[in-house]
Each structure stands twice: as structure tokens, then as C-alpha cells.
Amino acid sequence: MHREPILQLLQRYLSRFPEERVATDHLRQFVRANTDCFERSCVDGHITASAWIVSHDHSRILLTHHRKLGVWLQLGGHADGDPDTERVALTEAREESGMRAFSFMPDADGMQVLDLDVHRIPARDRDPEHLHLDVNYLLIAAAGQPLVISDESTDLAWFDWGEARRRLHDPSQLRKVGKAWERLRPLGVLDETPGRTT
């Protein structure tokens, strides 16, 4: 069953973060109800994956200015049939940044997923309003890699933690930045004030 791995992943996430049951259950119910949940042809919504990319020294976050939506976002995109959201996040990171070398940053208990999010995408052209059920990962970019702006973006830039928070306005994005900061802080690179670096 191609949906079994993500259902197992969601169960592990719920065991790790029981306080996030609402979002996790939403994803689990959607996956169980839709055999085509990884395809854009699932018109009510589909699984996506995001990559929150941090510089090698953890001092900056990479954001892209989305061409269609006109806002700064994390990198990511559609699964397009691939049930492995970790692989999707890595593919999107490479395609949208031009960089190739990344490492995933799990938390202290080995949980790879940074966050789960369900959000509405407004209707555009032939696409009706639909849901993106997004599995988020934290990636560390290797040093010395040039950025290449993709066709989906008008800009691509590194921001320090404070500036990244100012560029992002959605509460769910700010939550993910906070979770990324908390995951990296035990390594001793970041100071005690969220959104600032040493």
C-alpha cells in the first residue's frame, strides 16, 4: 500500500507531538480517504512537502519570493505521485534553490519531520480552491553553494532569523521558524532570544 509509509510517519509524529493531534489527524484522515492523495488530480487537496533551509552555520534561512502568490515562502511543492515526502522535500529544495548538497536535521529524538500544516490554496486559472497538506522538514545547506532562482520565483535570498520573521506573515510559517530555531538552539550556535543569532 503506497500510503502506508506516510501513515506510519504520521503515527510516529503524533507519538512524538501528541499536542498536535488536530493537524496530524486531519492528514491521516485525508490520506486514508483518498487513494490519489499524492496527485494533483486529487482536486480537493493533495500532499505537499516543504524544505526549511538553513545555512551551514545556522545563521540564516533561505526564502523564495513566489511568483504566483507574490509573498516570501519556504521552498517546497507537490508530491506529484511520490509517496516519500522526505524525498519530495529534498527534490524541491534542489530544484528551487539550485543547490545540491543538504543534510536533514532531526530533533533530539530522531524525528525528521519539523511540522505538519494544512492550508487553503486560493482558486487560480483552472485550479479550484483546494488544500495543501504539507509535511515540513528542516535542511542544512552545505557551504559554498551558489543560488539559482527557479521559474517559480522572482527572488531567492538568505535572511537572518529576525529578518526572516519579518518577511513571513502567516502564523503557521512563524511557528515553523520557531520550531526550526528550537531544534538548532541546543547545538550552541544561537543565542537565547528567538529570531536572533550570535
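The structure this text deals with has already been given above.
Residues numbered from 1 in each chain as written. Predicted model: local features only at pLDDT ≥ 70, side-chain atom pairs only at ≥ 80, totals over all residues. Heavy atoms only, no water.

Bringing the side chain of Arg 183 into the picture now. Topologically, Arg 183 is positioned in helix 5 (residues 171-184). Asp 107 provides the closest opposite charge to the buried, unpaired Arg 183, separated from it by 4.1 Å. Among the polar contacts listed, one links the side chain of Arg 183 to the backbone oxygen of Gln 112, at a separation of 3.4 Å. In this view, Arg 183 contacts Met 105, Pro 106, Asp 107, Met 111, Gln 112, Val 113, Leu 114 and Leu 138; residues no more than four positions away in its chain are not counted. (Helix = DSSP H or I, 4+ residues; strand = E, 2+ residues; numbered from the N terminus. Buried < 20%, exposed > 50% of the residue type's maximum accessible area, 1.4 Å probe, protein only. Lys, Arg positive; Asp, Glu negative; His and termini not counted. Salt bridge = Lys/Arg side-chain N within 4 Å of Asp/Glu carboxyl O. Polar contact = N/O pair within 3.5 Å; in protein donor to acceptor, adjacent residues only side chain to side chain. Contact = heavy atoms within 4.5 Å.)

Throughout the structure, instances matching the rule amount to three aromatic pairs. Relative to Phe 17, the ring of Tyr 13 lies with its centre 4.8 Å away and its plane at 50°, an arrangement referred to as tilted. Exposure class is identical for Tyr 13 and Phe 17. Each is buried. Their ring planes at 85° and their centres at 5.0 Å tell us that Trp 72 and Phe 159 sit as a pair that is edge-to-face. Note that Trp 72 is positioned in strand 3 (residues 72-73) and Phe 159 in strand 8 (residues 153-160), a separation of 87 residues in sequence. Accessibility classification places Trp 72 together with Phe 159 in one group, the buried group. Positioned above the aromatic ring of Phe 17 is the side chain of Lys 179, whose terminal nitrogen or guanidinium carbon lies 5.4 Å from the ring centre. (Phe/Tyr/Trp six-rings, centres within 6.5 Å; stacked < 30°, edge-to-face > 60°. Lys NZ or Arg CZ within 6 Å of the ring centre and 35° of its normal.)

Fair warning: the whole summary comes from geometry, so function is off the table for now.
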